[in-house]
Amino acid sequence: MGELPVSLKKRILWVVAVWLCFVWMGCKPELKPVTPILKKSASTVESVNLFEHTAIGDDFEGKPWIAHIDLVDLDEDGLLDVIGCDSQQGTVFWVKQGKAISFKEQTLAEDMNGPVHLEAVDMDVDGDLDILVASMSVIFPNNDHIGFVYILENDGEENFTRRTILENVMRVSDVRAGDFNGDGQLDLAVGQFGYDQGMVQWLERVGPWSFKSHVLLKLSGTVHVCVADYDGDGSEDIAAQVSQQWEEVHYFQNDGSGNFSGKVIFGSTNEDFASSGMTLCDLNQDGRPDLLFSNGDGFGPTPLPGARPWHGVQWLENTGAGNFEYRRIGGLPGAYSPVECDLDGDGHKDVVAASCFNDWFQAEHESLVWFRNDGNMGFTPHILAYEPTHLLTLGVADFDGSGNPWIVSGAFHAWPPYDKLSRLLIWKPKTAL
């Protein structure tokens with residue numbers, strides 16, 4: 001066996017040292033204290049009967065690797081569809097909704113080199129939705145330049161042509177659209193996880209399908225980038241979640257002409273914090289875009305991925321002028337894919353999150369959790385489901401026009417146990433919440 005990389009040696013030694021410290025000295029990482037969700041504890045309401053789930057899309061064999069889903073009316077027929085990435089099959093798929101909430105799946109693109117994230121946006125301004133795709137090729141740690149950015153161009157007749165925007169670069173984890181230089185054309189924000197090397201950059205539109213690179217940050221481990229006008233000046237800014245030993249959220253403030261100034265708006269001293277995803281939200285409904293993010297990743301070099309006591313969900317409250325305040329929402333082992341929604345229809349924004357790396361060898365550990373907002377930004381966890389396990393990506397929307405949110409989940413079964421499998425599920429509320 002070859003020599004381990006220095007960075008991997010350091011990470012392994014750090015993890016071992018931390019856990020020895022836990023056992024022998026009772027010390028903890030320098031984080032805000034977090035209490036994990038405990039089954040049937042005083043702070044948890046068991047709510048497993050609120051939803052019933054049904055499989056949608058194609059039947060599957062083996063162990064599905066659904067890395068990302070998005071809910072969008074792709075054909076603009078007034079019915080929400082599901083688009084997603086199958087990292088193992090290398091496909092981008094479309095689960096189209098028909099009458100009476102029925103679904104039929106079709107493949108939009110094959111040989112997509114380990115796609116992990118997608119976004120529907122009209123890149124060519126022709127009135128239909130194209131699809132941005134970030135591809136890593138290899139999902140697990142890898143230093144090779146094997147990343148891709150694709151645009152699937154929609155001809156309006158449900159035919160998609162692949163445009164390769166970046167190729168043979170450090171593994172790409174995310175790509176989002178935004179007009180960063182104010183010229184009226186959509187540019188791209190790109191997050192590259194890499195492994196020992198990575199970056200955040202924006203790609204300036206210089207032709208119909210050609211872009212010029214502008215590097216904003218050179219750090220490994222970028223998970224997601226989120227585009228919004230955070231400071232209210234009329235130009236789109238970029239926020240990036242960076243994992244690995246950095247465990248930070250960076251904010252890049254745009255002057256309106258594509259010139260960015262960057263700063264760290266969150267950082268953890270725990271190198272095993274395990275950042276796992278970030279989405280836009282407005283939890284306090286003040287009109288400013290906030291950031292909702294999770295930590296619960298298990299894709300790193302540790303041999304047995306699983307729950308950690310500091311895993312959970314939190315948000316960065318936008319207080320204006322490019323400033324943010326950290327707020328803890330709650331603990332969730334193996335947390336992934338936090339989504340803002342008003343699940344109970346009380347007018348307050350709640351959060352739903354999934355667990356991909358819980359302790360699945362033990363009975364009844366939470367797989368899907370609702371953090372209910374009391375109206376004063378206090379969140380109480382309610383367990384929605386204990387199975388299926390290994391849920392990695394979620395979407396929440398009203399599929400039947402009733403005003404009640406439905407949930408769609410995608411599962412990533414790369415680790416045992418393999419006894420509670422799913423691929424794509426739609427979770428219908430049994431009654432109004």
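Source: prediction; values computed, not measured.

Peer 1: Can you explain the overall build of the protein chain? Please cite residues and give values.
Peer 2: Secondary structure assignment for the protein chain yields one helix and 29 strands. The long-range fraction of contacts in the protein chain, counting pairs at least 24 apart against all pairs at least 6 apart in sequence, stands at 50%.

Peer 1: Which residues make up the environment of Glu76, and what are the values?
Peer 2: With respect to the helices, strands and loops of the structure, Glu76 is situated in the loop between strand S3 (66–72) and strand S4 (81–86). Sequence-wise, Glu76 and Leu129 are 53 residues apart; in three dimensions their C-alpha atoms are separated by 8.6 Å. If near-sequence neighbours (up to four positions away) are discounted, Glu76 is found in contact with Gly127, Asp128 and Leu129.

Peer 1: Go over the pattern of salt bridges, please, and point to the residues and values.
Peer 2: In this structure the tally under the stated criterion is 11 salt bridges. Asp86 is the partner of Arg423 in a salt bridge, and the nearest nitrogen-oxygen pair spans 4.0 Å. Of the two residues, Arg423 sits in the loop between strand S28 (406–411) and strand S29 (424–429) while Asp86 sits in strand S4, which places them 337 residues apart along the sequence. Classification of Arg423 as buried rests on a relative accessible area of 9%. Notably, a salt bridge pairs Arg176 with Asp174, separated by 2.9 Å at the nearest N-O pair. By the burial criterion, Arg176 is buried, and Asp174 matches it. Each of the salt bridges in this network shares a partner with another, and the network as a whole consists of Asp75, Lys96 and Glu158.

Peer 1: An account of the sheet that holds S29 is requested, with residue identities and associated values reported.
Peer 2: Reading across the sheet, the four strands line up as S2-S29-S28-S27 and stay open at both edges, with antiparallel pairing between neighbours. Each edge of the sheet is formed by a strand with only one pairing partner; in this case those strands are strand S2 (51–55) and strand S27 (391–397). Looking at each pair of strands side by side, their axes are set apart by 25° on average, direction ignored. Sheet topology note: the S2/S29 ladder contains five bridges and is antiparallel. Counted as the bridge partner of His53 is Trp427 from S29.

Peer 1: Describe the nonpolar core, and please don't skip the residues or the numbers.
Peer 2: Met123, Leu132, Val149, Leu188, Val190, Phe299 and Phe412 are the most contacted members of the largest nonpolar core, which totals 31 residues. Put simply, the parts of the chain that give this core at least two residues each are strand S7 (115–121), strand S8 (130–135), strand S9 (147–154), strand S10 (160–169), strand S11 (172–178) and strand S12 (187–192). By size, the runner-up hydrophobic cluster in this structure holds 18 residues, among which are Ile83, Cys85, Met112 and Leu118.

Peer 1: So what's going on with the sheet that holds strand S13 (residues 199–207)? Which residues, and what values?
Peer 2: Taken in spatial order, the four strands make up an open sheet running S11-S12-S13-S14, and their pairing is antiparallel. Two strands bound the open sheet, and with one partner strand each, they are S11 and strand S14 (210–217). Mean inter-strand twist for the sheet, computed between neighbouring axes without regard to direction, equals 25°. When S12 meets S13, the two strands line up antiparallel, connected through five bridges. Paired with Val190 across the strands is Gln201, a residue of S13.

Peer 1: Tell me what's going on with the layout of surface pockets, and back it up with residues and numbers.
Peer 2: By volume, the largest pocket amounts to about 1,100 Å³. Taken together, the elements giving at least two residues each to the lining of the largest pocket come down to S3, S7, S11, strand S15 (222–228), strand S19 (275–281), strand S23 (335–341) and S27. The biggest single contributor to the lining of the largest pocket is S19, with six residues. Taken together, the residues that form the lining of the largest pocket break down as 25 nonpolar, 16 polar and eight charged.

Peer 1: Could you give me a rundown of empty space enclosed by the protein, with the residues and numbers involved?
Peer 2: All chains considered together, the criterion is met by three cavities of 30 Å³ or more. Within this model, the second largest cavity holds a volume of roughly 50 Å³. Trp360, Gln362, Glu364, His365, Tyr386, Thr389, Pro417, Asp419 and Lys420 are the residues that line the second largest cavity. Of the residues belonging to the lining of the second largest cavity, the class tally is three nonpolar, three polar and three charged.

What counts and what doesn't
Residues numbered from 1 in each chain as written. Predicted model: local features only at pLDDT ≥ 70, side-chain atom pairs only at ≥ 80, totals over all residues. Heavy atoms only, no water. Helix = DSSP H or I, 4+ residues; strand = E, 2+ residues; numbered from the N terminus. Contact = heavy atoms within 4.5 Å. Salt bridge = Lys/Arg side-chain N within 4 Å of Asp/Glu carboxyl O. Buried < 20%, exposed > 50% of the residue type's maximum accessible area, 1.4 Å probe, protein only. Pairing = 2+ DSSP bridges. Axes fitted to C-alpha atoms, helices over the stretch in contact; angles between N-to-C directions. Core = buried A, V, L, I, M, F, W, Y, C linked by side-chain atoms within 4.5 Å. 1 Å grid on protein atoms, 1.4 Å probe; cavity = no way out; pocket = protein on both sides within 12 Å on 5 of 7 lines; lining within 4 Å. Points joined across faces, edges and corners; volume = space filled by probe spheres on them. Nonpolar A, V, L, I, M, F, W, Y, C, P; charged D, E, K, R; others polar.

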